Amino acid sequence: MLENLKRTWFFNVRADILSGIVVALALIPEAIAFSLIAGVDPMVGLYASFCIAVIIAFAGGRPAMISAATGAMALVLAPLVREHGIEYMLAATILTGIIQFLLGVFKVATLMKFIPRAVMIGFVNSLAILIFMAQVPYFWGINGATYVFLGITLLIVYVVPRFFKAIPAPLIAIVVLTVVSVFTGFNLQTVGDMGNITQTLPSFLIPDVPFSIETLQIILPYSFALAIVGLLESLLTSSIVDDMTDTESDKNREARGQGIANFVTAFFGGMAGCAMIGQSMINVKSGGRSRLSTLVAGLFLMFLILVLGDLVVLMPMPVLAGIMVMVCIGTFDWSSFQYLKKAPRSDAIVMVVTVIIVVATHDLSKGVIAGVILSAVFFVAKISKLEVTKPAEDVKKQVFKVKGQLFFASTTTFEQSFDLSVQDRDIVIDFSNSHVWDDSAVGSIDKIILKYRENNNEVRLTGLNEASQRMIDKLAVFTDSKGKLNTH
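The rules behind these values
- Residues numbered from 1 in each chain as written.
- Predicted model: local features only at pLDDT ≥ 70, side-chain atom pairs only at ≥ 80, totals over all residues.
- Heavy atoms only, no water.
- Helix = DSSP H or I, 4+ residues; strand = E, 2+ residues; numbered from the N terminus.
- Expected span 1.5 Å × (residues − 1).
- Bend = angle between axes of the 7 residues up to and from the residue.
- Buried < 20%, exposed > 50% of the residue type's maximum accessible area, 1.4 Å probe, protein only.
- Patch = residues over 30% accessible without salt bridge, like charges linked within 9 Å, V, L, I, M, F, W, Y side chains within 5 Å.
- Areas by Shrake-Rupley, 256 points an atom, 1.4 Å probe, with all protein chains shown as cover.
- Salt bridge = Lys/Arg side-chain N within 4 Å of Asp/Glu carboxyl O.
- 1 Å grid on protein atoms, 1.4 Å probe; cavity = no way out; pocket = protein on both sides within 12 Å on 5 of 7 lines; lining within 4 Å.
- Points joined across faces, edges and corners; volume = space filled by probe spheres on them.
- Phe/Tyr/Trp six-rings, centres within 6.5 Å; stacked < 30°, edge-to-face > 60°.
- Core = buried A, V, L, I, M, F, W, Y, C linked by side-chain atoms within 4.5 Å.
- Contact = heavy atoms within 4.5 Å.
- Nonpolar A, V, L, I, M, F, W, Y, C, P; charged D, E, K, R; others polar.
- Pairing = 2+ DSSP bridges.
- Axes fitted to C-alpha atoms, helices over the stretch in contact; angles between N-to-C directions.

Draft legend 1. Structural context of helix 2 (residues 13-38). With 26 residues, helix 2 ought to run about 38 Å at 1.5 Å a step, and its terminal C-alpha atoms sit 35 Å apart, in line with that. Roughly 30 degrees is the biggest bend found in helix 2, and it falls at Leu27, with proline Pro29 one to four residues downstream. Of all 26 residues in helix 2, 21 are buried, a share of seventy percent or more.

Take a look at the structure:
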């Protein structure tokens, strides 16, 4: 047990603590911004980020991944808060947690194998673009000092790690430039301008909503949407962190952990949340590798609120924006431009469509779902190409050789390959280079054989593999005079 504790918590203590501190500092403006998107008090997002980060450190399946209040979840919650108020939002968050936990129990993570690489690349790139777009208001068109602080931040984050790695460069940038801004009195937008921070701990509460079917009808659609969006973003982010750290994670445990975190968070006044790719990238790039980094991020966030709240509000927003811009640069898959040239055209289209839909809608789930559906359509179109070699029309014995996959999308081509008007022939359909996949395929074979037999033709099927034979034995209706399928 001690060995397991060391492996998951304490093998990288110093780097985990420092990276957790950097993440906590970056979480504050994000949590406030997401609260404003959802239409709730800034403390709702801050409490959610604290609770979710701490709980997921213990319950999650991906060490070093950061979960907190997110923009994707805030967008789903906004209409509910607007129409029914914060109490219903808390109730929806509780139900979201229950749904996510159950999905984890039923191993929803197995669905990850159906997400193609092109969609993953599009997901990463669209997130990088969205994170960058979210930073633009904090530095664009404000004043010269803002651009100077942004530039210096980018310089520190880019150059310092080449010569000094003992302290994460983003932490150096935040501390040094905050001190500079305070003593120079430059006119800069600060964290305090984002919203008020109350220096109090979250307290336990039960949502004040009627315990009724009507309440369930109101919150269930939102909860289901939150559960899907949250798990989709969390599991995809988990896969990205897996690749960055060359480690594996338990994604079903992650799904259950996200459910536990959201369920508990609601009882402490927090909004629903999920994994954050931007903060997870900051954590990993700053050296975070274990669960300790996630725990430190959550605990230090609350320490900042309770003890250093008066100082936190002084942090310049262009500095935090600069750090996030560097995260965008590091997150974006720049090799995807080469990918567009080298990959099959269908994969390139899937990647581009995923990016466009996510950026246009600011909804990760819509982009990923669209990408998966488009990939499936392209795949079906690709494998539905079927060839049937036709014999000479005047021979007594006609052998048709089928090449390709026979299923619902290729049955039309299959049926159009036969001249069903011939009479008194010995018809052989050879499936040696084909596979029969579904009921539509069997129905199509049924149709061909029945039509041929109506014109006094003998029909035999040959070359069926074992799986195709079983499919036909189970579903076919055509028989010979002895009531048996005429195949060999």
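Draft legend 2. Quick look at a nonpolar patch on the surface. A cluster of nonpolar side chains, namely Val175, Val176, Val179, Val180, Val182, Phe183, Leu311 and Leu314, defines an oily patch on the protein surface of about 700 Å² accessible area. For the nonpolar patch, the element with the most residues is helix 8 (residues 169-184), which contributes six residues. Tracing the backbone through its elements, the reader meets Val179 in helix 8.

Draft legend 3. A look at the layout of surface pockets. Here the largest pocket defines a volume of roughly 520 Å³. Taken together, 24 residues make up the lining of the largest pocket; nearest its centre are Phe34, Gly71, Ala72, Leu130 and Ala134. Elements supplying a minimum of two residues to the lining of the largest pocket: helix 2, helix 4 (71-84), helix 6 (117-135) and helix 11 (277-285). A total of six residues in the lining of the largest pocket trace back to one element, the largest contributor, which is helix 6.

Draft legend 4. Quick look at the packing of aromatic side chains. Taken as a whole and assessed by the stated rule, the structure comprises 16 aromatic pairs. The interplanar angle of 10 degrees and the centroid separation of 5.7 Å between the aromatic rings of Phe204 and Phe267 together place this pair among those described as stacked. Here Phe204 is found in the loop between helix 8 and helix 9 (213-245), whereas its partner Phe267 is found in the loop between helix 10 (251-266) and strand 2 (273-275), with 63 residues between them in sequence. By relative accessible area, which is 53% here, Phe204 ends up exposed. With a centroid separation of 5.9 Å and an interplanar angle of 35 degrees, the aromatic rings of Phe332 and Phe337 are classed as tilted. You can call Phe332 buried: its relative accessible area is 15%. A connected cluster of aromatic rings, assembled from ring pairs, spans Phe400, Phe414, Phe418, Phe431 and Tyr452.

Draft legend 5. The nonpolar core, seen in detail. Residues Ile28, Leu46, Phe123, Val191, Ile197 and Met271 are the most contacted members of the largest nonpolar core, which totals 122 residues. Look past the residues within four positions of Val191 in its chain and what remains in contact with it is Ile28, Ile32, Ile197, Val312, Val313, Met315, Met317 and Leu320. Among the nonpolar cores identified, the runner-up in size contains 22 residues, and Val436, Ala441, Tyr452 and Leu464 belong to it.

Draft legend 6. Region of interest: empty space enclosed by the protein. Applying the stated criterion across every chain, the model contains two cavities of 30 Å³ or more. Its volume calculated, the largest cavity comes out at about 40 Å³. Every residue along the wall of the largest cavity is listed here: Ile56, Ala57, Arg62, Pro63, Ala64, Met65, Ser67, Glu254, Arg291 and Thr294. Broken down by class, the residue content of the lining of the largest cavity amounts to five nonpolar, two polar and three charged. Estimates place the volume of the second largest cavity at around 40 Å³. Lining the second largest cavity are Ala26, Pro29, Glu30, Gln135, Tyr138, Met317, Leu320, Ala321 and Met324. Counting residues per element, the ones that place at least two in the lining of the second largest cavity are helix 2 and helix 14 (317-331). If one sorts the elements of the lining of the second largest cavity by residue count, helix 14 sits on top with four residues. Of the residues contributing to the lining of the second largest cavity, the split by class is seven nonpolar, one polar and one charged.

Draft legend 7. Unusual backbone geometry, seen in detail. Not every positive phi belongs to a glycine, and Asp246 is a case in point at roughly 55 degrees. Tracing the backbone through its elements, the reader meets Asp246 in the loop between helix 9 and helix 10. Judged by relative accessible area, which is 70%, Asp246 ranks as exposed. With a phi close to 55 degrees, Asp424 is a non-glycine residue in the positive phi region. Relative to the assigned elements, Asp424 resides in the loop between helix 18 (411-415) and strand 5 (426-436). Given a relative accessible area of 36%, Asp424 falls into the partly exposed group.

Draft legend 8. A look at the sheet that holds strand 5. What the four strands build is an open sheet, ordered 3-4-5-6; its pairing is mixed. Because the sheet does not close on itself, it has two edges, and the strands there are strand 3 (387-389) and strand 6 (458-462). When strand polarity is set aside, the average angle formed by the axes of neighbouring strands in this sheet is 20 degrees. Along the sheet face, helix 20 (residues 466-475) touches strand 5 and strand 6 and points at about 120 degrees away from the line of strand 5.

Draft legend 9. Expanded view of the pattern of salt bridges. Applying the stated rule across the entire model yields five salt bridges. The shortest N-O distance in the salt bridge between Glu415 and Lys447 comes to 3.3 Å. Highlighted residues: Glu415 in helix 18 and Lys447 in helix 19 (residues 439-454), separated in sequence by 32 residues. Take Lys447: its relative accessible area is 42%, and that puts it in the partly exposed class. We note a salt bridge from Glu466 to Arg470, for which the minimum N-O separation is 3.1 Å. You can see Glu466 and its partner Arg470 sitting in helix 20, four residues apart, about one turn around the helix.

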